[in-house]
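The primary structure of each chain is shown beneath.
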Amino acid sequence: MNGLLQDFRYAVRQLRKSPGFAAVAIITLALGIGANTAIFSLLDQALLRSLPVKDVDRLVILNYSGSNTGRLQSRADGHFYFSYPMYRDLHDRNSVFSGMIATDFTQVGVQWHNQPDLVGAELVSGNYFDVLGLQPAAGRLFVTADDVVADANPVVVLSFSYWQRRFGSDPGILNQSVLVNGHPFTVVGVAPPGFHSVVMGDTPDVFVPMMMKAEVIPGSMDLEDRRSSWLNIVGKLKPGLSREQAEAGVGPLWSAIRSDELKEIKGGSENFRDRFVNKSQLFVLDGARGFSPLRSDVQMPLLIVMGMVGLVALMACANVGSLLLVRGAGRIREMSVRYALGAKQKRVIQQLLVEGLLLGLAGGLFGMLLAPRVSSVLITMIWGGGTGDLPFSAKPDLRIMLFNCGLALLASLLFSLAPALQFWRPDLAPALKQQGMTARSGPLRFRRISVAVQIGLSLVLLVGAGLFVRTLHNLRSVNAGFATDHLLTFGVDPRMAGYEPDRTFALYQRMFETLRGLPGVRAVAATNDPELANDNETGNVTISGYADKPDENMQVEQPNVSVDYFSTMQMPLLAGRVFTDQDSAGSQKVAIVNESFARHYFGDPQQALGHFVANGGGKGVKPDIVIVGVVKDAKHVSLREPVTRTVFFPYLQSPELHAMTFYVRTWQQPESAESTIRRAMQTLDANLVLDTFRTMDEQIDNNLTAERVIALLASGFGVLAALMAAVGLYGVLAYSTTQRTSEIGIRMALGATRGSVVRMVMFEVLWLAGISIAIALPVSLLLMSAVRSQLYGISSSDPLTLGLTIVVVTLVAIASAMLPARRASRVEPMKALRYE
Amino acid sequence: MIQLKNIERTYKSGAGQTWVLRRVNLEIQPGEFITVMGPSGAGKSSLLNVLAFLDDQWTGEYWFREQAAYTMKRKERAELAKKNIGMVFQSYHLLDDLTVMENIDLPLSYKDIPRSERQSLVADTLDRFRIVAKKDLYPSQLSGGQQQLVGVARGVIHKPALLLADEPTGNLHSEQAKEIMELFRELNQQGTTIVQVTHSEANAAYGTRTIQMRDGWVVGDTANPNLSPANLTATEPRDAAVNR
Ligand SMILES: Nc1ncnc2c1ncn2[C@@H]1O[C@H](COP(=O)(O)OP(=O)(O)OP(=O)(O)O)[C@@H](O)[C@H]1O
Ligand SMILES: [Mg+2]
């Protein structure tokens, strides 16, 4: 034990003697551990962790195939939603689920003590908490009786963090009344801590019974509409049933439900009607980790980031390994002397292990300090700007942290034994003779391999960086189809300020007038379907004189826009006219379609004019809305998504208007107009809640978060990798040229010129770089084609990017060879030969 | 062939200077086989380094075939050396990673010689030194004598006019040493001028002229009997403190 303490002291002294080595090794380890832990903790939360609820492995998510002809709300993730009658039928008539819940997420205005607050809300079926087996943190949770009669039970359950945040965890709030969208609701309880929602990534602040939908989503009258799909269903399997059995068991019921829906669809070909029932299937999917549109959003980006971190960690390992090995090689003599002086092998090895342990521990310690910081930086980078709770915590997962630390410790212990392995060889004599010629080729070969690996990895990372940066650039420079500069946007929902539908139009008129009168404002427009907001809401159309093919997708975007919409957004008119004030409630109904719509259905913009369309599909629908204009295509869902066919309606002719998104075109920087607008609206009505105030450029940036994060991280990691490779390469060359001093001296004595010595060193570099590039290139092609879906406007094997990256990597290699090559060429043959 | 006039070489040592070569005057005729002798530290190797243009920190005049080498630039001297001088070292200095053939080829690789000519030169040399059978072996697979044989072969492959050898037999036993010396004699008879450093009287016997050195001074020369230690001491008293 005494010896151990002495070894420990000696190890500290050794490390302090070479602070550069110690610092590089510790920083490398810390970065590896920290970044890895952070990423894996996030990945675990996003992709792997189960919901904190009872019997989680029995939870399933329902989904279905087959066409959908009604009103469809989806988050652009391809998931099909259900209507409330569908849910009721499935819930009441199935024999395979012991419980089934319905859920939908929205935003509401909550007012308490006269202070309005825009919060996330989850509309849930009454059995929600019961099926999930959750216990209240205070008060009670919903029971089935809360959710039977429409509009009858204005009760609300708070999320734990909202209760903390807004009500200071005061139990006194129970049984008190708060205003939700202007309606009094009673707070009955608080959800347990740690539970957010059954939908992964959603963080509602309040839960409301589904029967209160009309209050929570004012103006929605579709609870009983079989053809309006908007909710998610999560089921709980009966004990002992597999998902396959449940799927088979619920099949006939699903067919019956589809038949019921078909009864409400007028028209359609025989083929369509047949397929509608028989080609539709209900799927029962694993739901233990919650239904998660977020998961599919973040999965690929997180996996990519994880891949990058993995590569960097690999490089770090190779770097520390070669550092330790070279250091070990330098200490073979010391080891040999100790050994010759009678030290037991055990002691010598113990000494080395203590040093490795020290390095590993220091690296681990700093890594642990680093991990939560990396996490929170990543979280704010990806979800920054959002309000309320973030779905992920920055707290690193202890198991993952320990695993990473263990790995780092193991690696440093392993590599620290290198000198022992080398001096273990029987031929001690040459080692004692200081030259240790026999010992040098081992670490040099390892270093060469390690450097080749590092060059290769940095090539992979740099190719990734190049492709992602160019993707971001491509997306940024996509022509949106309308002018995105000097454009300020905000949303407003008058219902949250207690406006009834009949007063909404008047409010909007006053808002337009006020906004137009503000200094610096060029134009104002509004729509109920915001641009580039990453969500779409489509509906069926019927077009007079157009015979749709069987199963043809007649879903189109149907935004209601204000009169000046096209001039404000600067969407050019291709044919006909734009809306005017005369297109009002009483007059002939009109519509403007986009170019894609016109070309698809009529072949040409001019041809579309004068045709009639109608909302919805089926036999009973009479197209009575005349197309008066065609505008040029513009991106709607996001810059990435292709243009969708669109029919614009004048908002004055829409039967009802609710939330609108306003666009204010300014003369100056749009940011500067925000406070003026807020003040003006405040004067108009103090109760109005204006949400998501941002410029269009911010909106686009927001839209491109994943791309930005990946591009940023990829560039960061790419540069880091190139630096590490450069340092590694420099180390190898410096080492190998010192080792070769006498060789170089001999060569010069035999007639080698300084130039040819430089060439010799450069050749070694280019040879190394060439081989690693040759190996890394196909690897990166393979990896990049795996992340193809994240690229935009660029091929995963883009020759320009590949070529440039190769040039950059080669230049980095040459640059790091410069100094060693220069030093080699300065060798004095006379001196080199003297110390043969 | 070579004329050295007043060559001096010093090393900085601490505050002062150490004299390594002192007013060396030497004339070497073509076809001579000179042996340089003297105690350890006398400056023999230093003199060879000057002759080989490996050193350029000396003062004095160095004429090589009537050319004023001492006024040349470093590059020109290197060029001159490359063309005219071959070297053989005490510890052979073969490159471990190269085969015998590649080692021999090394001096040629630094010259603009067509590949075919290079190959035939290497083949000739291997033949001449009777090491054809060993051409694909590595130095570590040869005995000391064989290694030095390769060292000499490498030193003369480009047919230098002057061959410099610093204790070429220092690491060899007498039988091997004799072989190398026979070889030197042969080369000398074929016209190569040779300057060798040795501690062995037997080796010196192969030469045509012997130079004695001590503490940086040339103190004896069989071609110049006038040069005697006694003379020297009279004109230039030695200063032990500076010398050592
Ligand atoms: N780089 C140097 N720095 C300082 N002094 C040097 C250097 N090289 C040689 N010397 C000195 O020059 C003197 C002559 O050295 P040199 O190698 O020429 O002797 P030598 O006659 O070849 O001896 P040996 O027979 O031992 O080989 C010695 O005193 C030595 O210490
Ligand atoms: Mg010597």
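Everything numeric here is computed off the predicted structure, so don't read it as measured data.

Asker: How do you make sense of the overall build of chain A when you look at a structure like this?
Answerer: For chain A, the count of helices and strands is 26 helices and 24 strands. With 836 residues in all, chain A has 54% of them scored as buried. Of the contacts made within chain A by residues no fewer than 6 positions apart, 82% connect residues no fewer than 24 positions apart. Working note: accessible area of chain A is about 35,600 Å², and carbon and sulfur atoms make up 59% of it.

Asker: I tried to follow the nonpolar core on my own but got confused; where do I start?
Answerer: One recurring pattern in soluble globular proteins: nonpolar side chains tend to sit buried together. In terms of nonpolar packing, the biggest core is built from 134 residues, with B:Leu51, B:Tyr62 and B:Phe64 touching the most fellow members. Counting contributing residues per domain, this core is built from domain 1 (2–44 + 296–476 + 706–834) and domain 3 (494–690) of chain A, each supplying no fewer than three. With residues near it in sequence (within four places) discarded, B:Phe64 still touches B:Met1, B:Ile2, B:Phe53, B:Ala69, B:Leu80, B:Asn84, B:Ile85 and B:Leu162. Of all hydrophobic cores here, the second largest spans 48 residues; its members include A:Val60, A:Leu62, A:Met86 and A:Val178.

Asker: Help me out: how do you make sense of the site of ligand 1 in this one?
Answerer: If you check the shell around ligand 1, you find 13 residues, and the closest are B:Ser40, B:Gly41, B:Lys44, B:Ser45 and B:Ser46. Neighbouring residues of ligand 1 are not confined to one chain but are distributed across chains A and B. B:Ser40 is positioned such that a nitrogen or oxygen atom in its side chain is 2.4 Å from an oxygen atom of ligand 1. The side chain of B:Lys44 places a nitrogen or oxygen atom 2.7 Å from an oxygen atom of ligand 1. Protein contacts shield 72% of the accessible area of ligand 1, which totals 640 Å² for the unbound molecule.

Asker: Is there a simple way to explain the confidence of the model for chain A in this structure?
Answerer: The predicted coordinates ought not to be read in detail in places where the model reports low pLDDT. Of the residues in chain A, 88% have a pLDDT of 70 or more, and the chain-wide mean is 82. Confidence drops under pLDDT 50 across residues 426–440 of chain A; counting only partners more than four residues distant or on other chains, this segment forms 20 contacts.

Asker: Explain the sheet that holds strand E3 (residues 33–37) of chain B here, please?
Answerer: Two strands in a sheet stick together by hydrogen bonds in their backbones, pointing the same way (parallel) or opposite ways (antiparallel). Residues and elements named next belong to chain B. The strand order across the open sheet formed by six strands is E6-E7-E8-E3-E9-E10, and the pairing between neighbours is mixed. Single-partner strands in this sheet number two, and they are strand E6 (85–88) and strand E10 (217–221). Averaged over neighbouring strand pairs, the angle between their axes works out to 20° when direction is ignored. Across four bridges, the pairing between E6 and strand E7 (residues 162–166) is parallel. Bridge pairing links Val88 to Ala165 in E7. Helix H6 (residues 174–189) contacts E3, E7 and strand E8 (193–197) of the sheet and is inclined by roughly 150° relative to E8.

Asker: Help me understand the interface of chain A and chain B in this model?
Answerer: Interface size is commonly expressed as the accessible area that is lost once the parts come together. The interface is formed by 15 residues belonging to chain A together with 16 residues belonging to chain B. Of the roughly 1,600 Å² buried at the junction of chain A and chain B (both faces included), carbon and sulfur atoms supply 64%. Considering only the surface of chain A that becomes buried against chain B, A:Arg747, A:Leu750 and A:Met830 emerge as the three largest contributors, covering 41% of it. Linking chain A with chain B are one salt bridge, by the criterion used here. B:Arg74 is the partner of A:Glu828 in a salt bridge, and the nearest nitrogen-oxygen pair spans 3.7 Å. At the boundary of chain A and chain B, one finds one residue pair in polar contact (both at pLDDT 80 or more). Mapped onto the side of chain A that touches chain B, the elements with two or more residues apiece are helix H23 (741–749), helix H24 (754–786) and helix H26 (829–834) of chain A. With four residues, the top contributor of residues to the side of chain A that touches chain B is H23(A).

Asker: When you look at the pairing of E7(B) in this model, what are you seeing that I'm missing?
Answerer: Walk down a regular strand and you will see the side chains alternate between the two sheet faces. Residue and element names in this part refer to chain B. E7 sits mainly inside the fold: five of its five residues count as buried. With five bridges joining them, E7 and E8 adopt parallel strand pairing. When the sheet's bridge partners are listed, Asp166 is paired in E8 with Val197. Taken together, E7, H6 and E8 constitute a β-α-β crossover, and its handedness is right-handed.

Asker: Would you mind going over the pattern of salt bridges with me for this structure?
Answerer: Where charged atoms of side chains with opposite charge meet at close range, the side chains can pair. Residues and elements named next belong to chain A. Applying the stated rule across the entire model yields 25 salt bridges over all chains. One salt bridge in this structure joins Lys236 and Asp55, with 3.4 Å as the shortest N-O distance. Note that Lys236 is positioned in strand E11 (residues 232–237) and Asp55 in the loop between helix H2 (19–48) and strand E1 (59–64), a separation of 181 residues in sequence. On the basis of relative accessible area, Asp55 is assigned to the partly exposed category, the value being 30%. Shared partners join several salt bridges into a network, and the residues in it are Asp55, Arg58 and Lys236.

Parameters at a glance
Residues numbered from 1 in each chain as written. Chains lettered and ligands numbered in written order. Predicted model: local features only at pLDDT ≥ 70, side-chain atom pairs only at ≥ 80, totals over all residues. Heavy atoms only, no water. Helix = DSSP H or I, 4+ residues; strand = E, 2+ residues; numbered from the N terminus. Buried < 20%, exposed > 50% of the residue type's maximum accessible area, 1.4 Å probe, protein only. Contact = heavy atoms within 4.5 Å. Areas by Shrake-Rupley, 256 points an atom, 1.4 Å probe, with all protein chains shown as cover. Core = buried A, V, L, I, M, F, W, Y, C linked by side-chain atoms within 4.5 Å. Domains from an automatic or database assignment. Near = heavy atom within 4 Å. Polar contact = N/O pair within 3.5 Å; in protein donor to acceptor, adjacent residues only side chain to side chain. pLDDT = per-residue confidence, 0-100. Pairing = 2+ DSSP bridges. Axes fitted to C-alpha atoms, helices over the stretch in contact; angles between N-to-C directions. Buried area = accessible area lost by both parts, 1.4 Å probe. Salt bridge = Lys/Arg side-chain N within 4 Å of Asp/Glu carboxyl O. Right-handed = clockwise from strand over helix to strand, strands pointing away.

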